[in-house]
Amino acid sequence: MTTQQMLDERYGRTRSPARRWIVGAGIAVAVALVALFGWMTVSGSLDAVDSDATGFEVVDAHSVVLSFQITAPPGRSVACAIEAQDQEHGVVGWRVVEIPAGESHSQALREVIRTTAEATTGFVNSCWVT
């Protein structure tokens, strides 16, 4: 008989099996929460689209050509909102460009943005999987 058992007998302490169940249930809940957080992180990045404006050219007072590159999941179509702004950062033109699904992970594109006034810059506002 171990010292712990002798002390338990002397003072009438008993180990409760319910305590083991509580600890086991706590561990199970913690593992489930970690798995859920991991899945949410991975599933959110599966459809992630990255875009970078690589240049722009002001053609005239009513149009800008925007060059940009997107990185998206292969085989998925993408839409991007592109903008042209004036000197005071006011939006003078924008459009949504729909890009068909491709086999490549990255695509380089050039798109014309019609403007209401002369623009000084063009950029990609956001992109998403459609």
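Residues numbered from 1 in each chain as written. Predicted model: local features only at pLDDT ≥ 70, side-chain atom pairs only at ≥ 80, totals over all residues. Heavy atoms only, no water.

Colleague: Can you lay out the pairing of strand 4 (residues 91-99) for me, pointing to particular residues and giving the numbers?
Modeller: Sheet topology note: the strand 3 (residues 78-85)/strand 4 ladder contains eight bridges and is antiparallel. Note on strand 4: the bridge partner recorded for Gln85 is Val91. A loop of five residues connects strand 3 with strand 4, the two strands running antiparallel in sequence, and His89 in this loop sits at a positive phi of about 65 degrees. (Pairing = 2+ DSSP bridges. Helix = DSSP H or I, 4+ residues; strand = E, 2+ residues; numbered from the N terminus.)

Colleague: Summarise the sheet that holds strand 1 (residues 50-60); cite the residues concerned and give the values.
Modeller: Here we have three strands laid out as an open sheet, ordered 1-2-5, and antiparallel in their pairing. Strand pairing shows two members of the sheet lacking a second neighbour, strand 1 and strand 5 (106-114), which therefore form its edges. On average, each strand axis in the sheet is inclined to that of its neighbour by 20 degrees, with strand direction left out of account. (Axes fitted to C-alpha atoms, helices over the stretch in contact; angles between N-to-C directions.)

Colleague: An account of the side chain of Glu83 is needed here, citing residue identities and associated values.
Modeller: Here Glu83 is to be found in strand 3. Buried charge without a salt bridge: Glu83, with Arg95 as the nearest opposite-charge side chain at an N-O distance of 13 Å. Of note is the side chain of Glu83, whose polar atom sits 2.6 Å from the side chain of Asn125. Apart from the residues within four sequence positions on either side, Glu83 is in contact with Val91, Gly93, Trp94, Ile113, Thr121, Gly122, Phe123 and Asn125. (Buried < 20%, exposed > 50% of the residue type's maximum accessible area, 1.4 Å probe, protein only. Lys, Arg positive; Asp, Glu negative; His and termini not counted. Salt bridge = Lys/Arg side-chain N within 4 Å of Asp/Glu carboxyl O. Polar contact = N/O pair within 3.5 Å; in protein donor to acceptor, adjacent residues only side chain to side chain. Contact = heavy atoms within 4.5 Å.)

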